[in-house]
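Letter by letter, the chains look like this.
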Amino acid sequence: MPKVKEAWGSRVGLILAMAGNAVGLGNFLRFPVQAVQNGGGAFIIPYLVSFLLMGLPLLWIEWAQGRYGGARGSHSTPFIFDSLSKKRIWKYVGVFGIFTNIGIVSYYTYIESWTLSYTFKSIAQSFNGLSRHQVSAVFDSYAGVHGAVANHAVAINFPVWAIVAFVITLVINIYILSRGLSGGVELVAKIAMPLLLVFGIFLAIRAVTLGATGVAGCATCNSHLGMEFLWKPNFSSLSDPKVWLAAAGQIFFTLSVGMGTIHCYASYVKKNDDIALNAMSAGWMNEFVEIVLGASIVIPIAVGYMGLDWVKANAGFMMAFKTMPFLFNQWGPWLASLSGVAWFGLLFIAGITSSLAMGSPFMAFMEDEFNMGRKKAALILGAVVFVLAMPTILFFEMGVFSEYDYWTGTVALVVFALGEIILFSWIIGIDEGWKEIKRGADIKIPLIYKPIMKWITPLFIIIIFLSALIKPAGGGVSDWQLAFHQLLSHGSWPFASDSIISQIFHLDQPWIWFRNGVPTVLFFKDMSRLLLTLTFVGLAYLVHIAARKKRRTSKITKS
Amino acid sequence: MSTGTLIFMVVVQVTVTVVTAYFFIRVLRTPPKA
């Protein structure tokens, strides 16, 4: 099979696909919840500072590395990095740029399938007349959640319809990817992104104009109070490292940096085409969807009908499925159905434009290094994702899902971003890197970004990583002070349960795999880690084989 | 909603919208490279 020649059909298509890659479920569900939990309106200040000092530099770096590798025939990070440095280790650092995507897309596609199912449930008006508890129970029944973990039993979830929806969603993804870059990914982005804006603007206008809803016995049921709560700047939170870490973390997730997807998409940009303006346009498009639309939908509507206290106590990811259909019900059957389609359709679009991006690096790797055709590469990707996803579905309640999310969707991003910026600013050198970013640029990037990329951004990422590694319980200023005091006086450190060290060694719970012969949640967590580790090792081995093949080919060519 | 919060929200959201539109319009108006 000859090598596949992929290219973007148009510049607008490229930017919409890149924006679609960045715009995901997190824009609508993670950002508003993070803002609510971290100082409301003041959260936006460290968030925007993180965007300017860390987000934008990483975007430019990833676009530049991608275009550089693409000009040399490499479209996945192992060999993009290999083209940037002679040292063999870098192509194995580049494995993160495939591994992270495969790991995330395995559980992300499952969530995506929920949004697809709920879109059809909204069309069928399945939620009409249901109470909040009944709407919540619909999800538990759909995902096969039965609360067995609390009774120390093994919870095997076998939700037939959820699995069918997952397979359909996976097939849709694989089919689009098999159609190639301009005929698949770009075409979807050109249709889906404008539709996402229409859905988002419709829901945001509805939320903002909702005002007081007159729910009996609920004085705070007013969407404007929700907006006040979300936007009122609490400036004292600016001195809290927890808020800064949350803001920087959100920038990581929302821009899809540290994943390898931007590298892959940018590798199909022609070598003299602009990347400086393209990166700015796609990056700011994501910020518009997050700050303007994402902040104006969930929280205002939820406060409008549930009141401020309920939202403060319950704001979280699952609100999208367990609460929103009930809130739409308050608008009468037809508007509820329309709003449900807009909301879940919006989430499906946000999800699929991201999952397509996450499937692309593996596809590019198989096409480049093993001369595979698109369809074959897409089918192999589908099989790998299916195998990795099934544990997250079948053992949803046993912590497998959250384990994937923690290691591939959180820790791996920071590790990879740190690797790529060291390679860019220090191994290649900032002067060469800066030249690469400026080549073909349609805008002038402020010169101040040169020292920012060399010093500030790497420092930012190192602080994020170290803070996540040894985060003390609480995570606030006083908690860090107490932790250092404890270290000096007792020689110990109070790790937070979500710190990386605590997670690795299970410091927050006894290390027991079986209780009365029944496997515990810990057993499933460790098995998830084993599966993810084997996936990484397997990908690294494929990279090793591909590199050996390349060396052999170049020797034959030379002789 | 207090006036201060409203002003803060509007300033941030309008700024983000204008910057996004500015860069996208620049993309649309830039001719392809020869």
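Everything discussed here concerns the structure shown above.
The numbers attached to residues start from 1 for each chain and follow its sequence in the written order. For this description, chains carry letters from A and ligands carry numbers from 1, given in the order in which they are written. Only residues with pLDDT of 70 or above have their local features reported here, since the model is predicted, and side-chain atom pairs are shown and tallied only from 80 upward, although totals for entire chains, interfaces and linings are computed over all residues. Only hydrogens and water are set aside; all other atoms, that is, all heavy atoms of the structure, feed into the side-chain values.

Undergrad: Tell me about the environment of Tyr449 of chain A, and please be specific about residues and values.
TA: Residues and elements named next belong to chain A. Within the fold, Tyr449 resides in helix H22 (residues 449-470). For Tyr449, a relative accessible area of 9% corresponds to the buried category. Along the chain, Tyr449 and Leu52 lie 397 residues apart, while their C-alpha atoms are 9.4 Å from each other. Every residue in contact with Tyr449, bar those within four places of it in the chain, is listed here: Leu52, Leu56, Pro57, Trp60 and Trp434. Within the structure, the side chain of Tyr449 is placed 2.9 Å from the backbone oxygen of Leu52, a separation counted as a polar contact. Numbered from the N terminus, helices here are DSSP runs of H or I no shorter than four residues, and strands are runs of E no shorter than two. Note on classification: 1.4 Å probe, protein chains only; a residue is buried when its accessible area is under 20% of the maximum for its type, exposed when over 50%, partly exposed between these limits. The contact criterion used throughout is that any non-hydrogen atoms of two residues lie within 4.5 Å. Residues adjacent in sequence count toward polar contacts only when both atoms are side-chain atoms; beyond that, a polar contact is any pair of N or O atoms within 3.5 Å, and within protein one must be able to donate a hydrogen and the other to accept it.

Undergrad: Can you lay out the packing of aromatic side chains for me, pointing to particular residues and giving the numbers?
TA: Residues and elements named next belong to chain A. Side-chain rings of Phe, Tyr and Trp, where Trp is taken by its six-membered ring, are said to pair if the distance between their centres is within 6.5 Å; with planes under 30 degrees apart they count as stacked, over 60 as edge-to-face, and otherwise as tilted. The tally for this structure, following the rule as stated, stands at 42 aromatic pairs over all chains. Ring centres of Phe79 and Phe365 lie 6.4 Å apart, and the angle between their planes is 10 degrees; this geometry places the pair in the stacked category. Residue Phe79 is located in helix H4 (residues 77-84), and its partner Phe365 is located in helix H18 (residues 333-369); the two are separated by 286 residues in the primary sequence. For the pair Phe81 and Trp90, a centre-to-centre distance of 6.4 Å together with 70 degrees between the ring planes defines the contact as edge-to-face. Judged by relative accessible area, which is 0%, Phe81 ranks as buried. Of the residues examined, Trp90 reaches a relative accessible area of 9% and is grouped as buried. Lys550 extends its terminal NZ or CZ atom over the ring of Phe79, reaching a point 4.8 Å from the ring centre. Any Lys NZ or Arg CZ found within 6 Å of a ring centre and within 35 degrees of that ring's normal is scored as a charge over the ring.

Undergrad: Any chance you could break down a positive patch on the surface for me, citing the residues and the numbers?
TA: A cluster of like positive charges, contributed by Arg88, Arg548, Arg551, Arg552 and Lys555 of chain A, occupies part of the molecular surface. By secondary structure assignment, the location of Arg552 of chain A is in helix H25 (residues 521-558). Patches were defined on residues exceeding 30% relative accessible area and lacking a salt bridge, with like-charge contacts within 9 Å and nonpolar side-chain contacts (Val, Leu, Ile, Met, Phe, Trp, Tyr) within 5 Å. Shrake-Rupley sampling with a 1.4 Å probe provides the accessible areas, and residues are treated as covered by the protein chains on show and by no other component. Salt bridges are identified by distance alone: a Lys or Arg side-chain nitrogen within 4 Å of an Asp or Glu carboxyl oxygen. For this count, His and the chain ends are skipped, Lys and Arg are scored as positive, and Asp and Glu as negative. To locate a charge, the coordinates of NZ of Lys, CZ of Arg, CG of Asp or CD of Glu are taken.

Undergrad: Could you give an account of empty space enclosed by the protein, with specific residues and numbers?
TA: Residues and elements named next belong to chain A. Whether a set of points on the 1 Å grid over the protein atoms alone is a cavity depends on a 1.4 Å probe fitting there but being unable to get out, while an open set qualifies as a pocket with protein on both sides within 12 Å along at least five of seven lines; lining residues are those with an atom within 4 Å of a point. Grid points are joined across faces, edges and corners, and a volume is the space filled by probe spheres set on the points. Within this structure, the stated rule accounts for six cavities of 30 Å³ or more. Estimated volume of the largest cavity: approximately 90 Å³. Lining the largest cavity, in full, are Glu6, Leu177, Gly180, Leu181, Val185, Cys264, Tyr268, Ser360, Met363, Ala364 and Glu367. Among the elements of the structure, helix H9 (181-208) and H18 are those that each provide at least two residues to the lining of the largest cavity. Approximately 80 Å³ is the volume attributed to the second largest cavity. Looking at the second largest cavity, it is lined by 13 residues, and the ones nearest its centre are Phe127, Pro325, Asn329, Ala336 and Ser337. Among the elements of the structure, helix H6 (96-123), helix H17 (324-329) and H18 are those that each provide at least two residues to the lining of the second largest cavity. Here the lining of the second largest cavity takes four residues from H18, the largest share from any one element. Under the convention adopted here, Pro, Cys and the residues Ala, Val, Leu, Ile, Met, Phe, Trp and Tyr are nonpolar, Asp, Glu, Lys and Arg are charged, and Gly plus all remaining residues are polar. For the lining of the second largest cavity, the per-class residue count stands at five nonpolar, seven polar and one charged.

Undergrad: Explain the pattern of salt bridges to me, using residue names and the numbers behind them.
TA: Residue and element names in this part refer to chain A. Evaluated as defined, the whole model comprises 14 salt bridges over all chains. The partner of Asp82 in a salt bridge is Lys91, and the shortest N-O contact between them spans 3.9 Å. Using a relative accessible area of 3% as the deciding quantity, one classes Lys91 as buried. One network of salt bridges, in which partners are shared, links Arg11, Asp274 and Asp442.

Undergrad: How would you explain helix H7 (residues 132-143) of chain A if you had to name every residue and give the values?
TA: Residue and element names in this part refer to chain A. A helix is expected to span 1.5 Å multiplied by its residue count minus one. Counted at 1.5 Å a residue, the expected span for H7 with its 12 residues is 16 Å, and the 17 Å between its end C-alpha atoms agrees. Residues Val135, Ser136, Phe139, Tyr142 and Ala143 constitute the buried set of H7. Viewed along the axis of H7, the buried residues span an arc of 120 degrees, placing them on a single side of the element. Set apart from the buried face of H7 by more than 90 degrees, the exposed residues are His133 and Ser141. Summarising the contacts, the buried residues of H7 are in contact with H6, helix H8 (160-178), helix H16 (319-322) and H17. This arc is taken over the directions from the axis of the helix to the C-beta atoms.

Undergrad: Give a detailed account of the interface of chain B and chain A, specifying residues and quantitative values.
TA: Between chain B and chain A, the contact holds 18 residues from the first and 28 residues from the second. In this description, buried area is defined as the sum, over both parts, of the accessible area (probe of 1.4 Å) that is lost when the two are combined. Approximately 2,200 Å² of surface area, both sides summed, lies buried where chain B meets chain A, with 76% of it carried by carbon and sulfur atoms. Contact with chain A buries area across many residues of chain B, yet Phe8, Phe23 and Lys33 of chain B alone supply 26% of it, more than any other trio. Summed over the shared surface of chain B and chain A, the number is zero salt bridges. Viewed at the interface, chain A and chain B are joined by five residue pairs in polar contact (both at pLDDT 80 or more). When grouped by side-chain class, the residues that make up the side of chain B that touches chain A number 10 nonpolar, six polar and two charged.

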